[in-house]
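So you can see what is in the structure, the chains are spelled out below.
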Amino acid sequence: MESIRELQAYGYAFASFVFAMILYGYIYHLYTSKKKGGKDYEKYSKMALNDSIEDSPVEKIEPSNEDKEER
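Here the structure is a predicted model, which means the values were calculated and not measured.

Caption draft 1: Broad picture of the overall build of the protein. Counting secondary structure elements, the protein contains three helices and zero strands. When the helices and strands of the protein are read in sequence order from the N terminus, they spell out α-α-α. Relative to a compact globule of 71 residues, whose C-alpha radius of gyration would be 11 Å, the protein shows 22 Å and is clearly more extended. Seen through its principal axes, the protein has C-alpha atoms that stretch 70 × 30 × 25 Å. Across the 71 residues that make up the protein, the buried fraction comes to 1%. Each charge class in the protein was averaged separately, 10 positive and 13 negative side chains, and the resulting centres sit 7 Å apart.

Caption draft 2: Molecular detail of a nonpolar patch on the surface. Taken together, the side chains of F17, M21, L23, Y24, I27 and Y31 present a nonpolar region at the surface, about 640 Å² in accessible area. Of note, Y31 is situated in helix α1 (residues 2-35).

Caption draft 3: Expanded view of α1. With 34 residues, α1 ought to run about 50 Å at 1.5 Å a step, and its terminal C-alpha atoms sit 50 Å apart, in line with that. G37 sits one or two positions beyond α1 and adopts a positive phi of about 95°.

Caption draft 4: Structural context of the side chain of S33. With respect to the helices, strands and loops of the structure, S33 is situated in helix α1. Here S33 falls in the buried class, since its relative accessible area comes to 16%. Only 3.0 Å separates the side chain of S33 from the backbone oxygen of L30, close enough to count as a polar contact. The residues touching S33, leaving out its near neighbours within four places in the chain, are G38, K39 and Y41.

Caption draft 5: The environment of A48, seen in detail. Relative to the helices and strands, A48 is located in the loop between α2 (41-45) and α3 (65-70). Since its relative accessible area comes to 63%, A48 is described here as exposed. Through-space distance from the C-alpha of A48 to that of I22 is 25 Å; in sequence the pair is 26 residues apart.

Criteria and cut-off values
- Residues numbered from 1 in each chain as written.
- Predicted model: local features only at pLDDT ≥ 70, side-chain atom pairs only at ≥ 80, totals over all residues.
- Heavy atoms only, no water.
- Helix = DSSP H or I, 4+ residues; strand = E, 2+ residues; numbered from the N terminus.
- Rg over C-alpha atoms; globule rule 2.2 N^0.38 Å.
- Buried < 20%, exposed > 50% of the residue type's maximum accessible area, 1.4 Å probe, protein only.
- Lys, Arg positive; Asp, Glu negative; His and termini not counted.
- Charge placed at Lys NZ, Arg CZ, Asp CG, Glu CD.
- Patch = residues over 30% accessible without salt bridge, like charges linked within 9 Å, V, L, I, M, F, W, Y side chains within 5 Å.
- Areas by Shrake-Rupley, 256 points an atom, 1.4 Å probe, with all protein chains shown as cover.
- Salt bridge = Lys/Arg side-chain N within 4 Å of Asp/Glu carboxyl O.
- Expected span 1.5 Å × (residues − 1).
- Polar contact = N/O pair within 3.5 Å; in protein donor to acceptor, adjacent residues only side chain to side chain.
- Contact = heavy atoms within 4.5 Å.

And the structure:
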């Protein structure tokens, strides 16, 4: 019984470490993509606060070439 609890403790510690590394990797990815000129995901987090119909959109959507040809 003691060995099972010991394995559970090691498994919990290992899983916590892995999930923390995944979280830090994701945060690193977000900030490096922002610096490289990628999408700024912090703008999208403000959508929950600015959800009125009068608020400006987060990004302008330009029609693609296929959409322009259809019109």
